[in-house]
Every structure is written in structure tokens, then in C-alpha cells.
Amino acid sequence: MSTTDQPIKTVGQLIVAGLTPPDQHDDLERLTQHYALAITPTIATLIDPTAGHKDPIAAQFVPSMPELDRHPEEQDDPIGDDTYAPIKGIVHRYADRCLLKPVSVCPVYCRFCFRRETIGPGHNGQLTSSELEKAIGYIAQHPEIWEVILTGGDPLVLPPRRVREITQRLTGIPHVRVIRWHSRVPVVDPDRIDTAMVQALRSPEKSVYIALHANHPRELTNTARAACASLIDAGVVMISQSVLLKGVNDDADTLETLMRTFVEMRIKPYYLHHPDLAPGTTHFRLPIARGQEIVGELRQRLSGLAMPTYILDIPGGYGKVPIGPGYIRGNGQDQSYEITDRKGRTHQYRDCCAAPEDD
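A brief report on the enclosed structure follows. None of these values were measured; they are calculated from a predicted model.

Residues that lie three or four places apart on an α-helix share one face, since the helix turns once every 3.6 residues. The end-to-end C-alpha separation of helix 6 (residues 160-171) is 16 Å, in line with the 16 Å expected for 12 residues at 1.5 Å each. When helix 6 is considered as a whole, its buried residues turn out to be Arg-162, Val-163, Ile-166, Thr-167, Leu-170 and Thr-171. Each element contacted by the buried residues of helix 6 is listed here: strand 2 (97-100), helix 5 (129-140), strand 3 (147-150), strand 4 (178-183) and helix 8 (195-201).

Structure follows, in C-alpha cells:
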């Protein structure tokens, strides 16, 4: 395993840490001029440098040249954030919830990130006080917004003082009932989750959630588990989101372990994302049909408590839809259906509910 006590942010540091061969220096310099690089010491220690990009942690965080291969279907803004951004820092795609993006940097940069064209050094850092004021003002002026989702970038790179300010401002908006933070920090930089941060996230009047992003069981270290436990013990509800990634977790064994570990940590598995069409990420994607096979196998092994929903975010900003395997066929006209059980066996089912009444 690589050892370093400082974040890796340059190709030279990658080479010194033994995470990439010296002969790739010039090519990777060109790559990292376009897509940001950062690996925390916590993540660096999890990487097996002898395995190259076959290591599932290295594959997620160490840059590789296939990222410069752009498929014609890939898009700079694959889920249509820009289309639904009324002002800076806000994305309002669904009526009852909006994204608030206070910061555009992360402690690590995932090589498959769907916002890779808009985050990292040189992308405006964080909202100014004036910009944040306008963003929160937008939320206050839209009473249909029931849930605010903090994302970015990773909002938990902000200092506790800033996190507390945002929490308090959102708590003061009566129609906002749920505050949800999306973050990798408890996994990639768990020392940030100290007493001050936990207190900054708490709201006595709102439900506070953290959606934790992790893709492989090795990411859920003892320190990550302790960080999550401190949040949960303080009343924060945690859910998970993962991305189905070729060469990282594209098998039922790995995902089974990951989802069971989440549940054991008191984190409810939420979404398993099919990779978005971000530029330079073709090497991470597997066919949806294969993803459905894997999720179908998971359904045989896991209880509903441990099952995530396999999701596709439709390109163009049309929103998320579940794309897991189908278990029911039939047009319903004669109330007859063919049902496939979790082991692949088919059964006939007649829906014996009362017929709708005539108008």
C-alpha cells in the first residue's frame, strides 16, 4: 500500500508515491491540466500500487489515459444541471427539492465524476457571501421546495463555521423540512468529521440526512465507520449512493459486501447509479443489461433493507428513473400477469381486485 501524509495533487507526487510509472509523467500532466487530481492520504493508503488500475481504489482516483478518449455520446453536462440553474449555486429540476452547490472543489476527484468539467481548481472555488445569500433567498422565495440537497463539489470540505451558517439559514426557512448533504468526506477524509462538524450539521427543527458516496467495501475503513457513527449518534440519518463501475464493483459479490456493510453501519443503501455520460468515462461503463443481471443477482441475496435502487439519470436533465430488472409482464387488460421470482422462476398471477366502476 502507498503511504503519504500529504494530499496528492500533482503527477510528480503520484510518481513519488508509486501510484503511476514515471514514463507516464508527460501524458498525465496533459490530462490533469483538464481534469483535476486530488487523493487524500486516507485513500492513498488503501491503494495497492502493484496492481495498477486493476486495483478498485486506484481505478477510482488515479488518473489514466483513457480519460482523454471521448465518446460521441458523452456530454460536458450529462444530467442537464445548467438547464435547470436559475441562479448561480442552485439547480431546481424537481419541484419539491433543489440542489444548493456552495462549493466546486472536493477532497478527492473521482475519475468518473459527472461534474468533472465544472469542479476542481479554477472553477470558482465556493460561493461568495453575496452569491450564497442570493441562493438561499431563491429557496426562501419558493415554498414548494421541501428538501434542499447540498452538493457541489463536496460541501463538507467547507469549515464547520460555514457549514453551521448554511444549516442555520436553511433551518430558518419554514417550508424547508429536509436538509441533505452529499459527501465522500466521511470515507476519504474522516478526520474532518470532528465534534465541530457534527454540531454544525445538526438542526433541531429539520431532518438532516447525509448521502455517503462509496463504491467498494475497502473504502469503509474503521476510521470511516467511526466518523459515520458519530454523525448517526448525533441524529443525522445516513443513506448511501454508489456508482456501478467496470473494474471496481461490477460483480454481485463486491456489491453484496458493500451493501451489507452499509446496513451494518446503520446506513440505508439508496441509489446504485449507472455511470453518467461524462466525457472520458467510457472505460467505466458496462451495458445496462449487464447491470440488470448483477442487480437481479443481488435481489436473490439481499433483503430489501440492503437493496439499492439501480438508477439512470436521463441525459438532458430529464431526471432519474429506476432501470432494474423487470419482474412482471402483462398488459393487465384481463388482470393476468406473468411474475418472475427472485430465482428466475415464472408464475402466473391474476389480479383479483374489483374492476373500476363506470363513470
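Any two packed helices are characterised by the angle at which their axes cross and by the distance between the axes. One can describe the packing of helix 10 (residues 252-264) onto helix 11 (residues 288-301) by two numbers: an axis separation of 10 Å at closest approach and a directional angle of 50°. In terms of orientation, helix 10 lies oblique with respect to helix 11. As for the relative orientation of helix 10 and helix 11, their crossing is right-handed in sense. Taking contact as the criterion, the partners of Ala-252, Asp-253, Leu-255, Glu-256 and Arg-260 in helix 10 are, on helix 11, Ile-294, Glu-297, Leu-298 and Arg-301. Residues of the contact of helix 10 with helix 11, tallied by class, amount to 4 nonpolar, no polar and 5 charged.

This brings us to the nonpolar core. By size, the foremost hydrophobic cluster in this structure holds 90 residues, and its most contacted members are Ile-39, Leu-100, Ile-139 and Trp-181. If we skip the residues at most four places from it in the chain, Trp-181 touches Leu-150, Pro-155, Leu-156, Val-163, Ile-166, Thr-167, Leu-201, Val-208, Tyr-209, Ile-210 and Ala-211.

Below, the discussion takes up unusual backbone geometry. In this model, Gly-152 is joined to Gly-153 through a cis peptide bond whose omega is 20°. Secondary-structure assignment places Gly-153 in the loop between strand 3 and helix 6. For Arg-266, which is not glycine, the phi dihedral falls at a positive 70°. Relative to the elements of secondary structure, Arg-266 occurs in the loop between helix 10 and strand 7 (268-273). By relative accessible area, which is 46% here, Arg-266 ends up partly exposed.

Scanning all chains against the criterion turns up 2 aromatic pairs. With 3.9 Å between their ring centres and 15° between their planes, Tyr-270 and Tyr-271 make a pair best called stacked. On the accessibility criterion, Tyr-270 (27% relative accessible area) is partly exposed. Geometry around Tyr-94 places Arg-97 over its ring, the cationic atom sitting 4.0 Å from the centre.

Across 3 bridges, strand 7 lies against strand 8 (residues 309-314) in parallel orientation. Bridge pairing in strand 8 places Leu-272 opposite Tyr-310. With helix 11 bridging strand 7 and the parallel strand 8, this β-α-β connection has right-handed handedness. Pairing analysis gives 4 bridges linking strand 8 to strand 9 (residues 319-322), with the strands arranged antiparallel. Residue pairing in the sheet places Asp-313 in a bridge with Lys-320 of strand 9.

To continue, consider the sheet that holds strand 11 (residues 336-340). Spatially, 3 strands are ordered 10-11-12 in an open sheet, and the strand pairing comes out antiparallel. Each having just a single partner strand, strand 10 (328-329) and strand 12 (346-350) make up the two edges of the open sheet. The pairing of strand 11 with strand 12 spans 5 bridges and is classified as antiparallel. Bridge pairing in strand 12 links Tyr-337 to Tyr-349.

Direction of pairing for strand 1 (residues 90-94) relative to strand 2: antiparallel, over a ladder of 3 bridges. Bridged to Ile-90 within strand 2 is Leu-100. Where strand 1 folds back on strand 2, the antiparallel hairpin that results is connected by 2 residues. In this structure, strand 2 lies alongside strand 3, joined through 4 bridges in parallel fashion. What sits directly across from Leu-99, in strand 3, is Ile-149.

The next subject is the pattern of salt bridges. Within this structure, the stated rule accounts for 25 salt bridges. Here Asp-253 ties to Arg-301 by a salt bridge, and the two come within 2.6 Å at their closest N and O atoms. In this pair, Asp-253 sits in helix 10 while Arg-301 sits in helix 11, placing the two residues 48 residues apart along the sequence. Since its relative accessible area comes to 48%, Asp-253 is described here as partly exposed.

Thresholds, definitions, all that
Residues numbered from 1 in each chain as written. Predicted model: local features only at pLDDT ≥ 70, side-chain atom pairs only at ≥ 80, totals over all residues. Heavy atoms only, no water. Helix = DSSP H or I, 4+ residues; strand = E, 2+ residues; numbered from the N terminus. Expected span 1.5 Å × (residues − 1). Buried < 20%, exposed > 50% of the residue type's maximum accessible area, 1.4 Å probe, protein only. Contact = heavy atoms within 4.5 Å. Axes fitted to C-alpha atoms, helices over the stretch in contact; angles between N-to-C directions. Parallel < 35°, antiparallel > 145°, perpendicular 65-115°, else oblique. Left-handed = near helix turned anticlockwise from the far one by under 90°. Nonpolar A, V, L, I, M, F, W, Y, C, P; charged D, E, K, R; others polar. Core = buried A, V, L, I, M, F, W, Y, C linked by side-chain atoms within 4.5 Å. Phe/Tyr/Trp six-rings, centres within 6.5 Å; stacked < 30°, edge-to-face > 60°. Lys NZ or Arg CZ within 6 Å of the ring centre and 35° of its normal. Pairing = 2+ DSSP bridges. Right-handed = clockwise from strand over helix to strand, strands pointing away. Salt bridge = Lys/Arg side-chain N within 4 Å of Asp/Glu carboxyl O.

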